[in-house]
Each structure stands twice: as structure tokens, then as C-alpha cells.
Amino acid sequence: MIAGGQSLVAMMNLRVASPGLLVDISRLPELSSISENSDAVSIGACVTHAAVEDGQIVDPSRGLMRRVAATLAYRAIRTRGTIGGSLALSDPAAEWPAVLTALDAEIVARGPVGRRSIKCAEFTTGVYETNLVADEIIESIRVPKLPAGARWGYLKLSRKSGEFANALAVVVADHARDHSRVVLGVANGAPLVLEDTSRLVAGRGRDVRLAVAADLDRAAGRHFDEFQRNLHVVAAMRAVQQVLQ
Amino acid sequence: MTAVRFQINGVAIADDVPPRLSLADFLRERRNLTGTHLGCEHGVCGACTVLVDGEPTRSCLMLAVACDERDITTIEGFAGDRVIETLRRNFHRHHALQCGYCTPAMLITARDLIRRRRAGSEREIRDGLAGNICRCTGYTNIVTAIAATAEDIARETPNA
């Protein structure tokens, strides 16, 4: 399957991928549609990053998704690259898997036997690995609307605008409901939900550095060198700061 | 081979292309539109940027077959375009190129920044140029030329 092709064709050009057959799904109108009800927005898998950046879709996230899209790669990539493609590839340094996990989004997959929903937090299972089975495609992403009063923080560390992140932290907090979720990208695997830090932020605690360090220590099977660890801590602290200000 | 029809620089074209052929190779090798340059062929250098349906696109990351019924504009297709003509004048005046390899895509990218009003400050211009690599100039004169163009265009059309 090819949608925007902004990763796949690059991988083909580098001879990392050599598919025998490609089916272009980018012009199926159903996959670019948007629908909305009182508590969520469903975004078609082939909606481009540029469409999100330009505000062409209803934004369930009170500006978070627009901010993310505007700093994702370069404009000439964003005009073709799609939100569903980003999830299906699940590059560990990609923005959408981490951001949509923080927003508690659900991925609607469609295969020959029908549709199923997968929580974004369970969709990506590792580096370029997902729960999607071979004959399924992503149809849409259902993003719950952030309630009024909810806040978000987003920090991407990279050496140059538009590059893949060296560290990526997303925070969503709804203090009216004592809820928060703090997620790291570039985490040597699936997006990493920082449980301690999330609880701390929900309770407006201040000792973020300690909580992030504890979460990183506890992350099973993930090995961060000192430099990467420090980047994660800094990214998480700065993203949390945006929420607590 | 797959039959495709599209507009290239305003001219309707019909051709048969191998499915694996990139738009960039199609433009350069089949249409002799060699103003579209290839640098990295994985979306980083920006030298192959063209317009597809009016949007800047990496022609190395788009297959020619995926352009069926689309409208493609390469650097050869901007005659009479006010923004591109003003950019060309300012690139000349401010010495915004040396070898010229990145220049066609710099012009197309800069035109898009100006049209989307993302060329209002040096910071904004540099951000918008992050996806176009120049190995000669150090960017300073390119940024100056784009800023000057944005001002010229704003002066000519104060209410646009």
C-alpha cells in the first residue's frame, strides 16, 4: 500500500524496501474524509500533514495537532505525507504515534473481515512494528476532543527545523478531571507513556525531573545512553512546563 | 507500462510510464525538463521540488504514475509568474546563488513561502528553507533575496 509515499518511496530509492506490487490508496475519497460527533473527530488515514497544519480539518486537540503538523518534516513532504502512513510505518522518531497516544486516539483498521479499533497506545508495538495485520489498512483515526480547559505541551528536540526528532515529549493535561498523560517519542520502541510523570502532572506536582528519571529507569527493555536519557528528561520537563505555566 | 495523462507546465501530456519511474526521472529523462535537479533522492535536499496541483512536492518521492490527471509545474513553467520573476530579479541582485544546483527548487519553495505568508521575518524564512539544502552560499544571500521579494510583493499589492 502506498499513500503519500514520503517514507516508502525514500526507502525504495535507498533500496531498503522493494515491494513487488504497490497499490495507491491516496485518492480514495473515504480515506480523506473527516467526521465529527460531540466527543470525537474521525480523521481519514490519507489526510495530509499539510491539511492539518492549514486547519482544513476540525481540530479535536485545541491546537496541538496543528502545532505538531507545522513542525513535521518540510512543507514539500507535508503536502503529500499522510497521518495514516506515519502511523502504519511507526518510525520511532515520528511525531504522530506519540502525539496520538497522548491524545488517547483510536486507530480504526479495516480488513476483509471488517473494522476494528485499536487504542493508539497499543497500536505501535516496537520499532517499525504495529498491530496491523497483513491484509488490513488504517481507515481513520478517532481522536477524542480535548475538553475546554485542558492543556497541552509539546517539545521536539532536533538540530535543524524539520529533521526527525532526537527527543520528543507530549503532555496532555485536564486538571478539571485530574487526568494527564505524558508520552515520549524516539524511545527505542513504541511511544513511551511515563506513568509516574503523568500522575505527578495530574496532581500538579513539581518534581518532574525525578518522576521522569524513575519512569525511564522502569521502562522495560529500553536502553538509553546518558546523552539520550538527558534529552528525554529535558524534553519532558520543558513540555510539562508548558502545561503548568 | 501504465498510461498516464497530465498537464506539465500547462501542456497536456499523455505517455506510457513504467510504474517504478519517479516523477523526477520522468521530467528529466522523458521530457528533458532538466531544471528539476536530483540531489539526495530521499527527500532531504529539496533540489527536486516541483509543484503538483499547486503544492510543492518532492519529485523524487512521487511516482510518475501517481501523477495521473494532475497538474505539474516545473521551474521551466513559471513564465509571467510575478512572484517567480521578482525572486529571479532579487536572486540576481543579491547574489543568492553560486553553482545554481539548488536554485530552481529554492525559487519554487520561496514562492510558496511568500504566497502562504511565511516569509515575514528572517527566522520564518530560514525555517521555511530548512528542507532545501544549499552547499555554496551559506544561505545569507538567499534569505536576503527572499525577504526583499516578500517586501516588493507586499508593496505592489498592499491589500492582498
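Parameters and conventions
- Residues numbered from 1 in each chain as written.
- Chains lettered and ligands numbered in written order.
- Predicted model: local features only at pLDDT ≥ 70, side-chain atom pairs only at ≥ 80, totals over all residues.
- Helix = DSSP H or I, 4+ residues; strand = E, 2+ residues; numbered from the N terminus.
- Rg over C-alpha atoms; globule rule 2.2 N^0.38 Å.
- Contact = placed C-beta atoms within 7 Å.
- Axes fitted to C-alpha atoms, helices over the stretch in contact; angles between N-to-C directions.
- Parallel < 35°, antiparallel > 145°, perpendicular 65-115°, else oblique.
- Left-handed = near helix turned anticlockwise from the far one by under 90°.
- Nonpolar A, V, L, I, M, F, W, Y, C, P; charged D, E, K, R; others polar.
- Domains from an automatic or database assignment.
- Core = buried A, V, L, I, M, F, W, Y, C linked by C-beta atoms within 7 Å.
- Buried ≥ 20, exposed ≤ 12 C-beta atoms within 10 Å, placed from the backbone.
- Pairing = 2+ DSSP bridges.

A.B. asks: Can you lay out the overall build of chain A for me, pointing to particular residues and giving the numbers?
C.D. replies: For chain A, the count of helices and strands is ten helices and eleven strands. Against the 2.2 N^0.38 benchmark of 18 Å for 245 residues, chain A shows a C-alpha radius of gyration of 17 Å, consistent with a compact globule. In terms of its C-alpha atoms, chain A occupies a principal-axis envelope of roughly 50 × 40 × 35 Å. Intrachain contacts of chain A at a sequence separation of at least 6 include 59% that bridge at least 24 residues.

A.B. asks: Which residues make up the packing of helix 2 (residues 82-93) of chain B against helix 3 (residues 103-115) of chain B, and what values do they have?
C.D. replies: All names here are of chain B. Running from N to C, helix 2 and helix 3 cross one another at 125 degrees; their axes reach a closest spacing of 10 Å. Judged by the angle between their axes, helix 2 and helix 3 are oblique. The handedness of the crossing between helix 2 and helix 3 is right-handed. Between helix 2 and helix 3, the contacting residues are Val83, Ile84, Leu87, Arg88 and Phe91 on the first element and Thr103, Leu107, Ala110, Arg111, Ile114 and Arg115 on the second. When grouped by side-chain class, the residues that make up the contact of helix 2 with helix 3 number seven nonpolar, one polar and three charged.

A.B. asks: Quick one: what's the story with the domain arrangement of chain A, residue by residue and with numbers?
C.D. replies: Residues and elements named next belong to chain A. Once the domains are mapped, chain A shows domain 1 (33-144) and domain 2 (151-244). The C-alpha-based centres of domain 1 and domain 2 are spaced at 20 Å. In this complex, domain 1 contributes 23 residues to the contact, which on the side of domain 2 involves 21 residues. Listing elements by their share of the side of domain 1 that touches domain 2, those giving two or more residues are helix 3 (64-70), helix 6 (95-102) and strand 5 (124-126).

A.B. asks: Residues and numbers for the domain arrangement of chain B, please.
C.D. replies: Residue and element names in this part refer to chain B. When cut into domains, chain B gives domain 1 (2-77) and domain 2 (82-156). Spacing between the C-alpha centres of domain 1 and domain 2 amounts to 22 Å. Contacts between the two partners involve 13 residues from domain 1 and, on the opposite side, eleven residues from domain 2. It is strand 3 (residues 49-52) that contributes the most residues to the side of domain 1 that touches domain 2, three residues altogether. Among the residues making up the side of domain 1 that touches domain 2, the classes are represented as seven nonpolar, six polar and no charged.

A.B. asks: Explain the nonpolar core to me, using residue names and the numbers behind them.
C.D. replies: Membership of the largest hydrophobic core comes to 69 residues, with the highest contact counts inside it found for Val99, Ala169, Val170, Val171, Val172, Leu184 and Ala236 of chain A. Counting residues per element, this core draws most heavily on strand 9 (residues 167-174) of chain A, at seven residues. A domain-level breakdown of this core finds at least three residues from each of domain 1 (33-144) and domain 2 (151-244) of chain A. Once residues within four sequence positions are removed from consideration, Val171 of chain A is found in contact with Ala102, Trp152, Gly153, Ser180, Val182, Val201, Ala239, Val240 and Val243 of chain A. Judged by nonpolar contacts, the second largest core, of 50 residues, contains Val17, Ile108, Ala119 and Leu129 of chain B.

A.B. asks: Give me the lowdown on the sheet that holds strand 4 (residues 114-119) of chain A, citing residues and values where you can.
C.D. replies: Adjacent strands of a sheet form backbone hydrogen bonds with each other and so pair up, either parallel or antiparallel. Residues and elements named next belong to chain A. A sheet is described by the order of its strands in space; here five strands give the open sequence 1-2-7-3-4, paired in antiparallel fashion. Edge positions in the open sheet fall to strand 1 (34-36) and strand 4, since each of these has one partner strand only. With direction set aside, neighbouring strand axes in the sheet form an average angle of 20 degrees. Where strand 2 (residues 40-44) meets strand 7 (residues 137-144), five bridges bridge the pair, whose relative direction is antiparallel. Paired with Gly44 across the bridge in strand 7 is Ser140.

A.B. asks: Any chance you could break down the environment of Cys48 of chain B for me, citing the residues and the numbers?
C.D. replies: Structurally, Cys48 of chain B can be placed in the loop between helix 1 (23-30) and strand 3. Other than its neighbours up to four places away in sequence, Cys48 of chain B contacts Ala24, Thr36, His37, Leu38, Arg58, Ser59, Cys60 and Ala105 of chain B.

A.B. asks: Got a sec to walk through the pairing of strand 9 of chain A? Specific residues and values, please.
C.D. replies: All names here are of chain A. Judged by how many residues are buried, strand 9 sits mostly within the fold: seven of eight residues are covered. Two strands pair when backbone bridges link them, and strand 8 (residues 151-157) and strand 9 are joined in this way by seven bridges, in the antiparallel orientation. Its bridge partner being in strand 9, Gly153 is matched across the sheet by Val171. Bridge count for strand 9 against strand 10 (residues 179-185) is seven bridges, and the pairing is antiparallel. Bridge pairing links Leu168 to Gly185 in strand 10. The hairpin turn running from strand 9 into strand 10, its antiparallel successor, is four residues long, and Asp178 in that turn takes a positive phi close to 55 degrees.

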